[in-house]
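# Overview (structure and organization)
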Amino acid sequence: MRIGVLTSGGDCPGLNAVIRSVVHRGTDVHGDEIVGIQDGFLGLIEGRTRPVSHDDVTGLLTLGGTILGSARVRRERIVWAVENATTLARDIGIDALIAIGGEGTLTAAKLFSDAGLPVVAVPKTIDNDIDATDVTFGFDTAVHVATEAIDRLKTTAESHQRVMVVELMGRHTGWITLTAGMAGGAHGILIPEKPFDIEAVARMVEDRFDRGKKFAIIAVAEGAAPMPGTMRFDHGDVDQYGHRTFGGIGNRLAHELENLLGKEARPVILGHTQRGGTPTARDRVLASRFGWHAVEAVHRGAFGHFTALRRTEIELLPIGAAVSRLKTVPEDRWAESEAVL
Ligand code: F6P
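None of these values were measured; they are calculated from a predicted model.

## Observations regarding the overall build of the protein chain
A count of helices and strands for the protein chain gives 12 helices and 11 strands. Its C-alpha atoms put the protein chain at 70 × 35 × 35 Å along the principal axes. The buried share of the protein chain, reckoned over its 341 residues, is 52%. Across the protein chain, every contact between residues at least 6 apart in sequence was considered, and the portion connecting residues at least 24 apart equals 74%.

## Overview of the UniProt feature "domain: Phosphofructokinase" (unreviewed entry) in the protein chain
In the UniProt entry, the feature "domain: Phosphofructokinase" (unreviewed entry) is given for residues 2–298. What you have in residues 2–298 is 43% helix and 15% strand, and the ends, taken at the C-alpha atoms, are 11 Å apart.

## Some words on the site of the ligand
In the neighbourhood of the ligand, the contacting residues comprise Gly 10, Gly 102, Thr 125, Ile 126, Asp 127, Met 169, Gly 170, Arg 171, Glu 222 and Arg 275. By residue class, the composition of the shell around the ligand is 2 nonpolar, 4 polar and 4 charged.

## Brief notes about the pairing of strand S10 (residues 305–310)
Across 2 bridges, the pairing between strand S5 (residues 119–123) and S10 is parallel. Looking at S10, one finds that Val 120 is bridged to His 305. Sheet analysis places S10 next to strand S11 (residues 313–318), joined by 6 bridges and oriented antiparallel. When the bridges of S11 are listed, Thr 307 appears paired with Leu 316. Linking S10 to S11, which pair antiparallel, is a turn of 2 residues; within it Arg 311 sits at a positive phi near 55 degrees.

## Side note on the sheet that holds strand S9 (residues 265–269)
Reading across from one edge, S7-S8-S6-S9 is the order of the 4 strands in this open sheet, with parallel pairing throughout. Pairing within the sheet leaves two strands with one partner each, and these edge strands are strand S7 (188–190) and S9. Adjacent strand axes in the sheet meet at a mean angle of 15 degrees when their direction is disregarded. Two strands pair when backbone bridges link them, and strand S6 (residues 163–168) and S9 are joined in this way by 5 bridges, in the parallel orientation. Pairing of Glu 167 across the sheet is with Ile 269, part of S9. Packed on one face of the sheet, helix H6 (residues 139–160) meets S6, strand S8 (216–221) and S9 and runs near 165 degrees to S6. Where helix H7 (residues 175–184) meets the sheet, it contacts S6, S7 and S8, and its direction lies at approximately 160 degrees from that of S8.

## Considerations on the sheet that holds strand S2 (residues 33–37)
Strand order in this open sheet of 7 strands is S3-S2-S1-S4-S5-S10-S11, and the pairing throughout is mixed. Edge strands, defined here as strands with exactly one partner in the open sheet, are strand S3 (49–51) and S11. Adjacent strand axes in the sheet meet at a mean angle of 30 degrees when their direction is disregarded. Sheet analysis places S2 next to S3, joined by 3 bridges and oriented antiparallel. If you follow Val 35 over to S3, its bridge partner there is Pro 51.

## Focus on the nonpolar core
With 103 residues, the main nonpolar core has Ile 98, Val 166 and Ile 218 as its most contacted residues. The leading source of residues in this core is H6, at 9 residues. Discounting residues that sit within four places of it in the chain, Ile 218 has contacts with Val 163, Val 165, Ala 186, His 187, Gly 188, Leu 190, Val 201 and Leu 253.

## So, H7
Within H7, 8 of the 10 residues are buried, leaving the element largely enclosed by the surrounding structure. Within H7, the full set of buried residues consists of Trp 175, Ile 176, Thr 177, Leu 178, Thr 179, Ala 180, Gly 181 and Gly 184. In this structure, the buried residues of H7 make contact with H6, S6, S7, S8 and helix H12 (331–334). The positive-phi residue at the C-terminal boundary of H7 is Gly 185, with phi of around 70 degrees.

## Here's the deal with the environment of Thr 133
Mapped onto the secondary structure, Thr 133 falls in the loop between S5 and H6. Taking the C-alpha atoms as reference points, Thr 133 and Leu 316, 183 residues apart in sequence, are found 10.0 Å from one another. Each residue touching Thr 133, except ones within four places of it in the same chain, is listed here: Pro 123, Ala 308, Leu 309 and Ala 322.

## Structural notes on helix H9 (residues 249–261)
If you check H9, its first and last C-alpha atoms are 18 Å apart, about what 13 residues at 1.5 Å a residue would give, namely 18 Å. All of the buried residues along H9 are Ile 249, Gly 250, Arg 252, Leu 253, Ala 254, His 255, Glu 256, Leu 257 and Glu 258. Once H9 finishes, Gly 262 follows within two positions and takes phi at roughly 65 degrees, a positive value.

## Quick look at unusual backbone geometry
For Asp 39, which is not glycine, the phi torsion reads 55 degrees and is therefore positive. Position of Asp 39 among the secondary structure elements: in the loop between S2 and helix H2 (41–46). Asp 39 sits in the buried class, given 20 other C-beta atoms within 10 Å. One non-glycine residue, Asn 128, lies in the positive phi region at around 60 degrees. Relative to the assigned elements, Asn 128 resides in the loop between S5 and H6. A count of 24 C-beta atoms within 10 Å places Asn 128 in the buried class.

Analysis parameters
- Residues numbered from 1 in each chain as written.
- Predicted model: local features only at pLDDT ≥ 70, side-chain atom pairs only at ≥ 80, totals over all residues.
- Helix = DSSP H or I, 4+ residues; strand = E, 2+ residues; numbered from the N terminus.
- Buried ≥ 20, exposed ≤ 12 C-beta atoms within 10 Å, placed from the backbone.
- Contact = placed C-beta atoms within 7 Å.
- UniProt positions renumbered as here; feature names shortened; annotations may be inferred.
- Near = placed C-beta within 6 Å.
- Nonpolar A, V, L, I, M, F, W, Y, C, P; charged D, E, K, R; others polar.
- Pairing = 2+ DSSP bridges.
- Axes fitted to C-alpha atoms, helices over the stretch in contact; angles between N-to-C directions.
- Core = buried A, V, L, I, M, F, W, Y, C linked by C-beta atoms within 7 Å.
- Expected span 1.5 Å × (residues − 1).

In structure tokens:
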């Protein structure tokens, strides 16, 4: 068979490991030809492909990013591509497609599948917010990077008796922040699932200083928000010193705490460092297993399905199960940490 493979949406450590695994299983075991589609669905629309052979995937297991490139594509173009799905597949000469991506990619994959394109999807996201799979590859790597950052911030915070506010990725869910915050022993953990009370955050810092602990670390997800009307400073406001607040929640929170407490506070925005670099062992293995099962799914004709980790096994589930809702952190999970404020 000629199997197309594409990576779409934001990148994530482990994408290359999936590609490698698809090539190994497809070419070595089934005699498939693997067609790499460049820059996600954009490459499908524009007919940009490259063959991916066994030699092309040497060394990919440990490499971050994606050798195929990735892109976010405007909805109108996806709608057009779905209407022309079978022609586009014929033009690039593929019998089936393995689409690797996050929620947007899986939604598009379902549309393509409903339109008659034989698609198997592989979920990825560092955010771990895709429903119906216990975990996605990329998450463990992001948590490791974030935990190491928290560990490192502790020593410099203590030297200067500062409050460090470290902003972590997660626009809609707090999985990275909760997990790295707990692993790193952050004193405050703020996630989108629970609007935070700035007074409680300030009290926690003061209590620590009163107890002789001269620093505090607060891990905040980029999508976390204060309870309405509780924070004084918004984007672009000017404080009593004439300083202007800019940026996202990490900056605003550090600014607010400095003004409330009269202590030095510093924001640290970890950003895309959480998505770059080599995947952890756990992510390499999960990505490789997903790739293996995606090829097997193609050969069994299990189109319209995606690979999901359920406990220890990989299962094939209808793509619709992955995109019907976001997997947020349930209350009984975040309630397990007193640091969640
Ligand atoms: O969904 C993954 C993610 O890394 C989010 O955590 C983050 O908000 C977003 O992507 C960043 O997207 P971009 O790379 O387009 O800035």
